[in-house]
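# Geometric and topological summary
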Amino acid sequence: MAKKIKWGIAGLGNIARKFAGDLKGVSQAELIGVASTDGDRAKAFQQAFDAQKAYDNYEDLYHDPNIEIIYIASLNQNHKEMTMAALQAGKGVLCEKPLGLNTAEIKEMIALAQKQNCFLMEAMWSRFNPAIQKAKQWIASGQIGEPKFLYAEFSFYRLNIDASHRLMDPKKGGGVLLDIGVYPLFLAYFILGMPKNITAQSLFAKTGVDVQTSMILEYNNAQAVLYCGIANQSDNHAKVGGTDGEILLHGFWHNAQKVELTKAGTTIQEDFSSTSKGYVPEIEEVNRCIASGKKESELWSHNDALELGRMVEQVFEKIKER
Ligand SMILES: NC(=O)c1ccc[n+]([C@@H]2O[C@H](COP(=O)([O-])OP(=O)(O)OC[C@H]3O[C@@H](n4cnc5c(N)ncnc54)[C@H](OP(=O)(O)O)[C@@H]3O)[C@@H](O)[C@H]2O)c1
């Protein structure tokens, strides 16, 4: 049996719990250590997810000699500092999205990973979703002809949160573009590539963060219309229209379980609900990379994370201009 990859988790909030639940179901992974600024939270997390060790500080986790890869699950404003510290300690890093708050941060993180010869990947888990991969295969094999239009949104109602919530607080890297806007931008990038121009408009909360952002991406022969927001309920589907047909990703599309292809009056559907298990495909890709000594994933590379960061930065420039 292939050896198990030895994981650590730093920052033990909501997403760390979901991730650790999925990690438990991956036979080629084991959770060695978990670390939180709050020792009691670390102990409770250790018990809930059968980790071998609980640390009340991150540094001890980074220097645990048994750990190969650390998942950074803290708030956006801490991603760079925590990633850099783990890389300095010689650990591989899977860091929550967005990898950095801007491209300057992302470049620094990539440069240090290269200098340290350590693995680094942004946790853009939708890249590994089987339904989204199927959509990409259908497009690549010409099933919808030439792709001309992409629509994707990510929205839910959350305007009732307090100003200190991570989504509302600019000091915590808040705002919908950084939190959920990266997903529709990812899909446009994954399917259509880098746009030649982006226009965008936002509505802002009193704290100054964007709570609704609409984006239009212009390509030589296609357009993408994207939206993210916490002001409305939504079915959160995404679709790609081409000259010969259309692909629909059922909502929440960023974790799609079903994908549909419609052409010439006929619809076929593929259902991945029995195999598409949340963060599992992302974890399996990291395991494969670590096991084979790769320092970056070919499926979500350093450059992919940087290009996504560039798109986010262009949207920020546009919404600030107004
Ligand atoms: N992949 C996904 O599906 C997904 C979904 C939601 C969020 N995310 C990303 O995951 C990250 C964490 O989101 P979350 O929803 O898990 O956040 P959360 O539960 O609010 O907090 C996560 C951790 O952040 C640390 N933290 C640092 N400064 C903090 C502060 N001032 N207030 C509160 N916590 C602070 C804490 O770590 P300690 O335990 O060490 O104290 C906390 O446990 C974000 O980067 C977000 O963009 C990803």
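Residues numbered from 1 in each chain as written. Predicted model: local features only at pLDDT ≥ 70, side-chain atom pairs only at ≥ 80, totals over all residues.

Attention shifts here to the overall build of the protein. Broken down by element type, the protein carries nine helices and 14 strands. Over its C-alpha atoms the protein spans a radius of gyration of 20 Å, differing by no more than 12% from the 20 Å that the globule rule assigns to 322 residues. Along the three orthogonal principal directions, the C-alpha set of the protein runs to about 55 × 50 × 35 Å. A buried classification covers 48% of the 322 residues belonging to the protein. Sequence-distant contacts, at least 24 apart, represent 68% of the contacts inside the protein between residues at least 6 apart. (Helix = DSSP H or I, 4+ residues; strand = E, 2+ residues; numbered from the N terminus. Rg over C-alpha atoms; globule rule 2.2 N^0.38 Å. Buried ≥ 20, exposed ≤ 12 C-beta atoms within 10 Å, placed from the backbone. Contact = placed C-beta atoms within 7 Å.)

With their axes 10 Å apart at the nearest point, helix H4 (residues 79–88) and helix H5 (residues 103–116) run at an angle of 5° to one another. Relative to H5, the element H4 lies roughly parallel. In this structure, H4 uses Lys80, Thr83, Met84 and Leu87 to contact H5, whose residues at the interface are Glu105, Glu108, Met109, Leu112, Ala113 and Gln116. For the contact of H4 with H5, the per-class residue count stands at five nonpolar, two polar and three charged. (Axes fitted to C-alpha atoms, helices over the stretch in contact; angles between N-to-C directions. Parallel < 35°, antiparallel > 145°, perpendicular 65-115°, else oblique. Nonpolar A, V, L, I, M, F, W, Y, C, P; charged D, E, K, R; others polar.)

Next up on the list: the site of the ligand. In the neighbourhood of the ligand, 22 residues make up the surrounding shell, with Gly13, Asn14, Ile15, Ser36 and Thr37 lying closest. No other element matches the three residues that helix H1 (residues 14–24) contributes to the shell around the ligand. Residue composition of the shell around the ligand, grouped by class: seven nonpolar, eight polar and seven charged. (Near = placed C-beta within 6 Å.)

Bringing the sheet that holds strand E13 (residues 258–263) into the picture now. Read from one edge of the open sheet, eight strands run E8-E9-E10-E7-E11-E12-E13-E14, paired in mixed fashion. The two strands at the open ends of the sheet, each matched to only one other strand, are strand E8 (197–204) and strand E14 (266–271). On average, each strand axis in the sheet is tilted by 10° relative to the strand beside it, whichever way the strands run. (Pairing = 2+ DSSP bridges.)

Glancing now at the sheet that holds strand E3 (residues 53–55). Across the sheet, six strands lie side by side as E3-E2-E1-E4-E5-E6; this open sheet has parallel pairing. If you trace the sheet from one side to the other, it starts and ends with E3 and strand E6 (120–122), each paired once. Shown here is a sheet whose adjacent strand axes are inclined to one another by a mean of 25°, direction ignored. Note that strand E1 (residues 5–10) and strand E4 (residues 69–72) share four bridges and pair parallel. Directly across from isoleucine 9, in E4, lies its bridge partner tyrosine 71.

Attention shifts here to the environment of serine 297. Here serine 297 shows up in the loop between helix H8 (280–291) and helix H9 (302–321). C-alpha separation for the pair serine 297 and alanine 29, spaced 268 residues apart in sequence, amounts to 17 Å.

A few words now on H4. In terms of burial, H4 is largely enclosed, as seven of its 10 residues are buried. Burial in H4 covers these residues: His79, Lys80, Met82, Thr83, Ala85, Ala86 and Leu87. Looking one or two residues beyond H4, the residue adopting positive phi is glycine 90, at roughly 90°.

Those residues of helix H2 (residues 39–49) that fall on the buried side of the exposure criterion are Ala42, Phe45 and Gln46. The arc that holds every buried residue of H2, seen down its axis, measures 105°, which confines them to one face. Exposed residues lying more than 90 degrees from the buried face of H2 are Asp40 and Gln47. (Arc of directions from axis to C-beta.)

Moving on, we come to the domain arrangement of the protein. Taken domain by domain, the protein consists of domain 1 (5–122) and domain 2 (130–277). Placing the centre of domain 1 and that of domain 2 at their C-alpha centroids yields a distance of 27 Å. On the domain 2 side, the residues contacting the eight residues of domain 1 number seven residues. Broken down by class, the residue content of the side of domain 1 that touches domain 2 amounts to three nonpolar, three polar and two charged. (Domains from an automatic or database assignment.)

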